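# Coordinates in review
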Amino acid sequence: TCIIVLPITAWFLKRITGVVYPCHVVRYGGKQPYRTLLQSIPKVAGRVRGRGFPAAHCSGAFALMALYFVMPEPTRWVGLAVGLVAGWTVGIYQMLKGVHYLSHTVVTMFLAWMIILILSRACIVAMRRTPEMLAALQGHDTQLVDPQSTAPQQPVYARNEARSLRDDVFVAVG
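Predicted, not measured: the structure shown is a model, and the values here were computed from it. (Residues numbered from 1 in each chain as written. Predicted model: local features only at pLDDT ≥ 70, side-chain atom pairs only at ≥ 80, totals over all residues. Heavy atoms only, no water.)

### Describing the overall build of the protein chain
Counting its regular elements, the protein chain contains six helices and two strands. Going from the N terminus to the C terminus, the protein chain shows its helices and strands as α-α-α-α-α-β-α-β. Expected size for 174 residues packed as a compact globule is a radius of gyration near 16 Å; at 23 Å, the protein chain overshoots this value by more than 25%. Dimensions of the protein chain, computed from C-alpha atoms along their principal axes, come out at roughly 75 × 30 × 20 Å. Across the 174 residues that make up the protein chain, the buried fraction comes to 30%. Contacts spanning at least 24 positions in sequence make up 63% of the contacts within the protein chain whose residues lie at least 6 apart. Averaged over its 17 positive side-chain charges, the protein chain has a centre that lies 35 Å from the centre of its 7 negative ones. (Helix = DSSP H or I, 4+ residues; strand = E, 2+ residues; numbered from the N terminus. Rg over C-alpha atoms; globule rule 2.2 N^0.38 Å. Buried < 20%, exposed > 50% of the residue type's maximum accessible area, 1.4 Å probe, protein only. Contact = heavy atoms within 4.5 Å. Lys, Arg positive; Asp, Glu negative; His and termini not counted. Charge placed at Lys NZ, Arg CZ, Asp CG, Glu CD.)

### A closer look at the layout of surface pockets
In this structure, the second largest pocket encloses a volume near 180 Å³. The wall of the second largest pocket is formed by Val-19, Val-20, Val-25, Tyr-34, Arg-35, Thr-36, Leu-37, Phe-53, Tyr-101, Ser-103, His-104 and Val-107. Residue composition of the lining of the second largest pocket, grouped by class: eight nonpolar, three polar and one charged. (1 Å grid on protein atoms, 1.4 Å probe; cavity = no way out; pocket = protein on both sides within 12 Å on 5 of 7 lines; lining within 4 Å. Points joined across faces, edges and corners; volume = space filled by probe spheres on them. Nonpolar A, V, L, I, M, F, W, Y, C, P; charged D, E, K, R; others polar.)

### Structural notes on the packing of aromatic side chains
Enumeration according to the criterion identifies seven aromatic pairs in this entry. Relative to Trp-113, the ring of Tyr-68 lies with its centre 6.1 Å away and its plane at 70 degrees, an arrangement referred to as edge-to-face. Residue Tyr-68 is located in the loop between helix 3 (56–62) and helix 4 (76–97), and its partner Trp-113 is located in helix 5 (residues 102–122); the two are separated by 45 residues in the primary sequence. Residue classification places Trp-113 among the partly exposed positions, given a relative accessible area of 24%. Ring geometry for Phe-69 against Trp-113: centres 5.9 Å apart, planes inclined by 20 degrees, an arrangement best described as stacked. A residue pair is termed long-range when its members are at least 10 positions apart, and Phe-69 in the loop between helix 3 and helix 4 and Trp-113 in helix 5 qualify at 44 residues. (Phe/Tyr/Trp six-rings, centres within 6.5 Å; stacked < 30°, edge-to-face > 60°.)

### Thoughts on the side chain of Ser-164
Mapped onto the secondary structure, Ser-164 falls in the loop between helix 6 (131–136) and strand 2 (169–173). Here the side chain of Ser-164 touches Arg-166 through a polar contact of 2.5 Å, landing on its backbone oxygen. There is a polar contact of 3.3 Å between the side chain of Ser-164 and the backbone oxygen of Val-169. In contact with Ser-164, other than residues within four places in its own chain, are Arg-129, Tyr-157, Ala-158 and Val-169. (Polar contact = N/O pair within 3.5 Å; in protein donor to acceptor, adjacent residues only side chain to side chain.)

### Description of the confidence of the model for the protein chain
In this model, the protein chain carries a mean pLDDT of 88, and residues with pLDDT of at least 70 account for 99%. No element of the protein chain has a lower mean pLDDT than strand 2, which averages 79, and none a higher one than helix 4, which averages 95. (pLDDT = per-residue confidence, 0-100.)

### Section: a nonpolar patch on the surface
Nonpolar side chains collect at one region of the surface, where Ile-3, Ile-4, Ile-8, Leu-64, Val-78 and Val-82 lie side by side and expose about 510 Å² of accessible area between them. Secondary-structure elements contributing two or more residues to the nonpolar patch are helix 1 (2–17) and helix 4. If you tally residues by element for the nonpolar patch, the top one is helix 1, at three residues. Secondary-structure assignment places Val-82 in helix 4. (Patch = residues over 30% accessible without salt bridge, like charges linked within 9 Å, V, L, I, M, F, W, Y side chains within 5 Å. Areas by Shrake-Rupley, 256 points an atom, 1.4 Å probe, with all protein chains shown as cover. Salt bridge = Lys/Arg side-chain N within 4 Å of Asp/Glu carboxyl O.)

What follows is the structure, given as structure tokens:
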């Protein structure tokens, strides 16, 4: 989901912000005057609008930071590191090409992380179990990988047959 949502969000924000690429700014050999973000947002007749902010290419790479939420507990940080390395690799490449400032990549990284956090929380399902649902939990131990809930990712309070703090409440993350 993040691989799709982040670049689309960056594309949409590019259309709103109107920031020109650094290579198009007079200071760096272009023809456009430098404008701050707030100076670039209003649409002014006859003024060229850029699409340089936020950084869309690295937003797709920063989306890999979502691996943090899908990798098992001891290796979660590896997933986050993969996303950061990929995002910064693409971001630095784009800066060397002259199409982004450092601030574009930094802001895109934080924007990506905020969207990932929001989406990770949106994927939580909670429901109340009926007595029939609780009865249906019986007798499936042979089909479960960890029937006694002894794996380290299982919280202590959920090491029971219902795998929850309260038997009548089911919560799924992811």
